[in-house]
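Take a look at the letters that make up each chain.
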Amino acid sequence: MLTPPEFATFTDAYVAVLRRILDDPAYETSGRGKDGFEVPNISFRLTDVTRRTPFLAARKTNIVFNYAELLWYVAGRSDVAMISYYAPRLAKLSIDGTTLTGTAYGPRLFGPDGDDGLSQFDRCLRTLGEDPDSKRAAMVIMRPHEPIGVDNPDVACTLGLQFMLRGGRLHATGYMRGNDALIGLLCDTFSFTMIQELAARRLGVEPGSYTHHVGSMHINVLDQEKVRAILTEADTAPAPPFAATPMPGLSQAELELLLDWETALRTGRGELTAETARELPLPDFWRQVLLLFDAYRQIQAGHHVNDDTTAALTAAHRWLLTHRWPNRITASALAGRPA
Ligand SMILES: O=c1ccn([C@H]2C[C@H](O)[C@@H](COP(=O)(O)O)O2)c(=O)[nH]1
């Protein structure tokens, strides 16, 4: 078979990759002092990119971080301040303490980078508008002169992303030199398929499949018990049947409004009630993201998430928060609105 195996949901692909590495690793590695199990050259295809979130209790997916990282990318940002609030471990990757280099895909994808003043993302959309069958709508992430010595803690793991408009749908492919199958795989697939969906909306077409190719797919030896727990759950407990919600697109004005609220919530200059959220000029999809950010603000402040916020979240978001922060969601609020 010359094309990658297809999966209907990311959960299925994720479990298959983790199972392959744990059951049958090709190598034991210790690159940069971390012991890992590795299977080189793994590829898979997702047929429905909207089913990108794994509902696995043992994984404790941090959906708040997933959305924050996506917005951080799309805004072209590289600041530690925003992203480390959602994932403190990322601060350790910064050499100067204020910016990230390799991990910050945003400036490389969404920052202006040529004489035409366009970003790689916008240039790809323009090319697909002019030549829909183009094979050139590719965005390069890891740079040729990126320092790859052991003293650089933050080298881009993604080589590039490619869009292909075929059969009226926008397909995408991610190419990675290395991918941590437990942590990075989930976050990267989430962001890349969202970027694909964003591009599809801008082009006025539906998103197609997403294909992921990875040179070194691996798990850390220290994570193997967690991986085992995920595999046991996948074998014994069916995933809850939440409907996936397509992303409605994101205009520049909507992005700016989201980022203003994100900053206000993160820096303690604002609070969002379910009622205020309803009045914001945003599609419900993005209102949900701000409600998640506000729930996280309450959790960070050491509180329970208030019942109004919990009840305004979709059932899928409530499920994710409840499994990530089990003691912070009040049981009485869990009977809120359906997915
Ligand atoms: O978007 C990313 C960024 C990093 N990593 C993981 C892969 C490696 O486990 C580690 C980076 O270590 P090096 O490959 O740079 O040594 O982080 C990812 O999976 N995805």
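Reading guide: rules and limits
Residues numbered from 1 in each chain as written. Predicted model: local features only at pLDDT ≥ 70, side-chain atom pairs only at ≥ 80, totals over all residues. Heavy atoms only, no water. Near = heavy atom within 4 Å. Polar contact = N/O pair within 3.5 Å; in protein donor to acceptor, adjacent residues only side chain to side chain. Areas by Shrake-Rupley, 256 points an atom, 1.4 Å probe, with all protein chains shown as cover. 1 Å grid on protein atoms, 1.4 Å probe; cavity = no way out; pocket = protein on both sides within 12 Å on 5 of 7 lines; lining within 4 Å. Sits in = over half its atoms within 2 Å of the grid points. Helix = DSSP H or I, 4+ residues; strand = E, 2+ residues; numbered from the N terminus. Expected span 1.5 Å × (residues − 1). Contact = heavy atoms within 4.5 Å. Points joined across faces, edges and corners; volume = space filled by probe spheres on them. Nonpolar A, V, L, I, M, F, W, Y, C, P; charged D, E, K, R; others polar. Salt bridge = Lys/Arg side-chain N within 4 Å of Asp/Glu carboxyl O. Pairing = 2+ DSSP bridges. Right-handed = clockwise from strand over helix to strand, strands pointing away. Patch = residues over 30% accessible without salt bridge, like charges linked within 9 Å, V, L, I, M, F, W, Y side chains within 5 Å. Lys, Arg positive; Asp, Glu negative; His and termini not counted. Charge placed at Lys NZ, Arg CZ, Asp CG, Glu CD. Buried < 20%, exposed > 50% of the residue type's maximum accessible area, 1.4 Å probe, protein only.

Naming follows an unreviewed UniProt entry, where the protein chain appears as Thymidylate synthase of Paractinoplanes ferrugineus.

Taken together, Arg32, Tyr105, Cys157, Met176, Arg177, Asn179, Asp180, Gly184, Asp188 and His218 form the complete shell of residues around the ligand. Asparagine 179 places a polar side-chain atom, nitrogen or oxygen, 2.9 Å from an oxygen atom of the ligand. In the environment of the ligand, an oxygen atom lies 2.6 Å from a nitrogen or oxygen atom belonging to the side chain of histidine 218. A total of 460 Å² of accessible area belongs to the ligand in isolation, and the protein chains cover 74% of it. When atoms are counted within 2 Å of each cavity's grid points, the one that captures over half of the ligand is the largest pocket. Where the shell around the ligand is concerned, the elements lending two or more residues are β6 (169-180) and α6 (184-203). Ranked by residues supplied to the shell around the ligand, first place goes to β6 with 4 residues.

For helix α7 (residues 224-236), built from 13 residues, the straight-helix expectation of 18 Å at 1.5 Å per residue is met to within 8% by its first-to-last C-alpha distance of 18 Å. Looking at the buried residues of α7, the elements they touch are α1 (10-23) and β7 (206-220).

So, on to the layout of surface pockets. Space inside the largest pocket adds up to approximately 1,200 Å³. Residue lining of the largest pocket: 38 residues in total, with Arg32, Lys34, Cys157, Asp180 and His218 positioned closest to the centre. Elements supplying a minimum of two residues to the lining of the largest pocket: β3 (36-46), α2 (63-74), β6, α6 and β7. With 5 residues, β6 is the largest single contributor of residues to the lining of the largest pocket. Its residues placed into classes, the lining of the largest pocket shows 14 nonpolar, 13 polar and 11 charged. Roughly 650 Å³ of volume is contained in the second largest pocket. Elements with a minimum of two residues in the lining of the second largest pocket: α1, α2, α6, α10 (284-300) and α12 (315-324). The residue inventory of the lining of the second largest pocket, partitioned by class, reads 20 nonpolar, 8 polar and 5 charged.

Taken as a whole and assessed by the stated rule, the structure comprises 15 salt bridges. The residue aspartate 79 makes a salt bridge to arginine 77 at a minimum N-O spacing of 2.9 Å. Taking the shortest distance from any N to any O, the salt bridge between aspartate 284 and arginine 287 comes out at 3.9 Å. Placement of both aspartate 284 and arginine 287 in helix α10 is noted, with a separation of 3 residues, approximately one turn of the helix.

Right, let's talk about the pairing of β6 for a bit. Where strand β5 (residues 158-166) lies against β6, 8 bridges are found, and the strand directions are antiparallel. Along β6, the bridge assignment pairs glutamine 162 with threonine 173. Count of turn residues in the β5/β6 antiparallel hairpin: 2 residues, of which glycine 167 carries a positive phi of about 60 degrees. Here β6 runs beside β7; their pairing, made up of 10 bridges, is parallel. Its bridge partner lying in β7, tyrosine 175 is registered against histidine 213. In terms of handedness, the path from β6 via α6 over to β7 forms a crossover that is right-handed.

Looking now at a negative patch on the surface. Taken together, the side chains of Glu275, Glu279, Asp307 and Asp308 make up a negatively charged region of the molecular surface. Looking at the negative patch, the elements that each hand over two or more residues are α9 (274-279) and α11 (307-312). Exposure remark for aspartate 308: the relative accessible area of 57% places this residue in the exposed category.

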